[in-house]
Amino acid sequence: MPQPPSGEPAVVIADLVMRYGDTVAVDGLSLSVPGGVIAAVLGPNGAGKTTTLETCEGYRRPQSGRVRVLGLDPVADRRALLPRIGVMLQSGGAWSGVRAHEMLRHVAALHADPLPVDVLVERLGLRECGRTPYRRLSGGQQQRLGLAMSLVGRPELLFVDEPTAGLDPQARHTVWDLLRELRSGGVTVVLTTHFMDEAERLADQVYVVDHGRVVAAGTPAALTAASTVGPQQASLSFRARPGLDIASLEATLPSGFQVLEQPAGEYAVLGPVAPGTLARVTTWCSDHDVLPEGLQIGRRTLEDVFLELTGRDLR
Amino acid sequence: MNGTFAPAASAAPLHRMVRAQTVMEARLLLRNGEQLVLALVIPLVVLVAGVLAAERFDLVEGDAVGHLTPGVVALAVMSTAFTSLAIATGFERRYGVLKWLGSSPLPRAGLLLGKTSALLLVEVGQIGCIAAAAYALGWRPTPGAAGALGLVLAVGLGTLAFASLGLLMAGTLRAEATLAAANLVFVLLAIGGGVVVSPREYGEVGDVLRLLPSGALHEAIASALGDGSIAWGACGVLVVWAALGSALTARTFRWE
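Just so we're clear, the structure is a prediction, and the values are computed from it rather than from any experiment.

1. Focus on the overall build of chain B
Argument step 1. Broken down by element type, chain B carries ten helices and zero strands.
Argument step 2. The order of helices and strands in chain B, counted from the N terminus, is α-α-α-α-α-α-α-α-α-α.
Argument step 3. A globule of 256 residues ought to have a C-alpha radius of gyration of about 18 Å, and chain B, at 20 Å, matches this closely.
Argument step 4. Counting only C-alpha atoms and orienting by the principal axes, one finds that chain B spans roughly 75 × 35 × 35 Å.
Argument step 5. Taken across its 256 residues, chain B has 49% of its residues classed as buried.

2. Remarks on the overall build of chain A
Argument step 1. Looking only at helices and strands, chain A has eleven helices and 13 strands in total.
Argument step 2. Referenced to the eigenvectors of the C-alpha coordinate spread, the extents of chain A come out at roughly 75 × 45 × 40 Å.
Argument step 3. For chain A, the residues scored as buried account for 49% of the 315 residues in total.
Argument step 4. Across chain A, the fraction of contacts at a sequence separation of at least 24, relative to all contacts at a separation of at least 6, is 68%.
Argument step 5. Total accessible area on chain A is roughly 13,900 Å²; 50% of this is exposed by carbon and sulfur atoms.

3. Focus: the packing of helix α3 (residues 64–94) of chain B against helix α7 (residues 175–192) of chain B
Residues and elements named next belong to chain B.
Argument step 1. Contact geometry for α3 and α7: axes closest at 8 Å, N-to-C directions at 170°. When the axis of α3 is compared with that of α7, the two are roughly antiparallel. Taking contact as the criterion, the partners of L75, M78, S79, F82, T83, A86, I87, G90, F91 and R94 in α3 are, on α7, A175, E176, T178, L179, A182, N183, V185, F186, L189 and A190.
Argument step 2. Class assignment for the residues of the contact of α3 with α7 results in 13 nonpolar, five polar and two charged.

4. A look at the pairing of strand β11 (residues 258–261) of chain A
All names here are of chain A.
Argument step 1. With four bridges joining them, β11 and strand β12 (residues 266–270) adopt antiparallel strand pairing. What sits directly across from V259, in β12, is V269.
Argument step 2. Taking the residues between adjacent antiparallel strands as the criterion, β11 and β12 are bridged by four residues, where G265 takes a positive phi near 90°.

5. Quick look at the packing of aromatic side chains
Argument step 1. Scanning the model with the defined rule gives three aromatic pairs over all chains in all.
Argument step 2. Ring geometry for F238(A) against Y267(A): centres 5.4 Å apart, planes inclined by 20°, an arrangement best described as stacked. With F238(A) in strand β10 (residues 236–239) and Y267(A) in strand β12, this residue pair connects regions lying 29 residues apart in the sequence. Of the two residues, F238(A) and Y267(A), both sit in the buried class.
Argument step 3. Judged by centre distance (6.1 Å) and plane angle (65°), the rings of F82(B) and F162(B) are edge-to-face.

6. Some words on the packing of helix α2 (residues 33–57) of chain B against α3(B)
Residue and element names in this part refer to chain B.
Argument step 1. Following both chains from N to C, one finds α2 and α3 inclined at 160°, their axes separated by 9 Å at the closest point. Judged by the inter-axis angle, α2 sits roughly antiparallel to α3. For the pair α2 and α3, the crossing hand works out as right-handed. When α2 is examined against α3, the residues Q35, L38, A39, I42, P43, V46, L47, G50, V51, A54 and E55 are found in contact with a partner set consisting of A64, V65, L68, T69, V72, L75, A76, S79, T80, T83, S84 and A88.

7. Let's talk about a nonpolar patch on the surface
Residue and element names in this part refer to chain A.
Argument step 1. Judged by side-chain polarity, L278, L295 and I297 come together as a nonpolar surface patch covering roughly 220 Å² of accessible area.
Argument step 2. Take L278: it is sitting in helix α10 (residues 275–287).
Argument step 3. You can call L278 partly exposed: its relative accessible area is 31%.

8. Observations regarding helix α1 (residues 14–29) of chain B
Argument step 1. The terminal C-alpha atoms of α1(B), which comprises 16 residues, lie 22 Å apart, in line with the 22 Å expected from a rise of 1.5 Å per residue.
Argument step 2. Regarding α1(B), the residues found buried are M17(B), V18(B), A20(B), Q21(B), T22(B), M24(B), E25(B), A26(B), L28(B) and L29(B).
Argument step 3. Of the surrounding secondary structure, the elements contacted by the buried residues of α1(B) are α3 (100–109) of chain A together with α2, α3, α4 (97–101) and α5 (108–136) of chain B.

9. Comments concerning the interface of chain A and chain B
Argument step 1. Contacts between chain A and chain B engage 44 residues on the former and 35 residues on the latter.
Argument step 2. Of all residues in chain A, the largest losses of buried area upon contact with chain B belong to W95(A), L110(A) and R154(A), amounting jointly to 19% of the total for that side.
Argument step 3. Between E102(A) and R27(B) there is a salt bridge, and its shortest N-O distance comes to 2.9 Å.
Argument step 4. Along the contact surface separating chain A from chain B lie 16 residue pairs in polar contact (both at pLDDT 80 or more).
Argument step 5. For the side of chain A that touches chain B, the elements supplying multiple residues, two or more each, are α2 (78–81), α3, α4 (117–123) and α6 (169–184) of chain A.
Argument step 6. In terms of residue class, the side of chain A that touches chain B is made up of 21 nonpolar, eleven polar and twelve charged.

10. Comments concerning the sheet that holds strand β1 (residues 9–20) of chain A
Residues and elements named next belong to chain A.
Argument step 1. Pairing within the open sheet is antiparallel, and its three strands lie in the order β2-β1-β4. Every interior strand has two partners, whereas the edge strands, β2 (23–34) and β4 (64–69), have only one. Direction aside, the axes of adjacent strands within the sheet are offset by 20° on average.
Argument step 2. Against the sheet, helix α1 (residues 49–56) touches β1, β2 and β4, its axis set at about 120° to β1.

11. Notes on the environment of L85(B)
Residue and element names in this part refer to chain B.
Argument step 1. Looking at the element boundaries, L85 is found in helix α3.
Argument step 2. Linking L85 and F186, residues 101 residues apart in sequence, is a C-alpha distance of 12 Å.
Argument step 3. Excluding residues that lie within four positions of it along the chain, L85 makes contacts with T80, K115, L119, A163 and L167.

12. With respect to α5(B)
All names here are of chain B.
Argument step 1. Under the 1.5 Å per step criterion, the end-to-end length of α5 is 42 Å for 29 residues, consistent within 8% with the ideal 42 Å.
Argument step 2. Within α5 the residues assigned to the buried category are G110, L111, G114, K115, A118, L119, V122, E123, Q126, I130 and A134.
Argument step 3. Taken together, the buried residues of α5 touch α1, α2, α3, α4 and α6 (144–170).
Argument step 4. Where α5 terminates, the next one or two residues include G138, which has phi positive at roughly 105°.

Rules used throughout
Residues numbered from 1 in each chain as written. Chains lettered and ligands numbered in written order. Predicted model: local features only at pLDDT ≥ 70, side-chain atom pairs only at ≥ 80, totals over all residues. Heavy atoms only, no water. Helix = DSSP H or I, 4+ residues; strand = E, 2+ residues; numbered from the N terminus. Rg over C-alpha atoms; globule rule 2.2 N^0.38 Å. Buried < 20%, exposed > 50% of the residue type's maximum accessible area, 1.4 Å probe, protein only. Contact = heavy atoms within 4.5 Å. Areas by Shrake-Rupley, 256 points an atom, 1.4 Å probe, with all protein chains shown as cover. Axes fitted to C-alpha atoms, helices over the stretch in contact; angles between N-to-C directions. Parallel < 35°, antiparallel > 145°, perpendicular 65-115°, else oblique. Nonpolar A, V, L, I, M, F, W, Y, C, P; charged D, E, K, R; others polar. Pairing = 2+ DSSP bridges. Phe/Tyr/Trp six-rings, centres within 6.5 Å; stacked < 30°, edge-to-face > 60°. Left-handed = near helix turned anticlockwise from the far one by under 90°. Patch = residues over 30% accessible without salt bridge, like charges linked within 9 Å, V, L, I, M, F, W, Y side chains within 5 Å. Salt bridge = Lys/Arg side-chain N within 4 Å of Asp/Glu carboxyl O. Expected span 1.5 Å × (residues − 1). Buried area = accessible area lost by both parts, 1.4 Å probe. Polar contact = N/O pair within 3.5 Å; in protein donor to acceptor, adjacent residues only side chain to side chain.

Below you can see the structure in the form of structure tokens.
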């Protein structure tokens, strides 16, 4: 099988810089994706995710820096590389008048050893819309057809740009299962997403990208490890009637804890939560005749990490 | 199930990719009602109405259908190679089809070959229908071998010239603008471009019209189907337009 030997990275990007006019889309981005994993490039809109992906796909020539995909230069070795990769664009990619199965059969005809179209159609729940023109498919169906188009040639490496944008929960799980199955079949998957839960549940490697750079990288577990809990982090939270005497609650806790009510009726205990902390909070609640609803100890989610790293500004 | 998605990626042989692309593009060119109107209904209406009117009002001396058929063939070639192609390509850009194909194993040359072959395939069908209708109206051409060669040359070069101009438009304008402009240019050339009626019959502007791809295409087809000769001058004009259109398209075409 013409795959890079295990351990050799499927994608290597070093100091990539891409500008559009005065706008710097990618600003010295470096990352390395090992073969056989699902890698998520996670970032807010405009972070440079799509530009980075398109450079790997050979659409754009790096203005500075170096990109290697399966050991090849995506621009100079384009003809050798393209048959080995699958690409799913953020949207579109099919003729508006083409029927779903017709499109898949056409893509299959461009490959020497394609997957059986029927199998893909079945797996992606596209059986009923076989004769429907592309423009009349729902957004989710178009998205799944795009994924099927990227898969049908049995690629070694798959680039998918926001694969589950606009999908309902069932379809998201279908896509996730399929991507996991691809991984166990030996396919490397590089996806972009701004859904934290997608990256957290699906990816082996996460690259958090902001302002055109990788600001954090690692496994989801490593990124969410509690050792870096920031001062803003809610460690224990519950809901109760508004207006509790939070100063009194804070007084029962060791120093270093802070209690907030924000918004009204939602309480957060910030600090190094230990089993004893829980006991003190519930005791205080019992003494004050408060039923703490939805009481939970917060592990940091990737979303917390993401917002810490990229800020809360809308863009 | 694990084996299902095991990588086994490789491109199909080029000839298979081009054949697939040709068939796909030809099917899509004929899929829409409005494209069928442009490709067949308008030329046939022009032919039948023209012949009936010429006979009713004595507009043409002698053989009206022999006089009109070459221009209708030229009109049909222009409708497909220019208008249909421009509109289809404009929307291919809009919907990211060209972009996606750019990531597929099909090379750019294979895509252009597929597009050109699809145009020629559709044109053969159009010419067949027009010839059958003309025959029913009494058309009896005697082009001979040189005329047949001249027709192939005229349609081939006319297709290249108009297709390169259609792609120039589609590769620079927005899809809606291309839709409007391609139809407008078609109507203007059909009426005043010397494509249906010989440039000679426009009087003094005729010399200018013969330098347009529309007038040159008419002359090349009329020579081939008329006295069975090859109009080298008109073919030369088409070559120049094809070269000009291709060079400009290659420089300006934006894939998305």
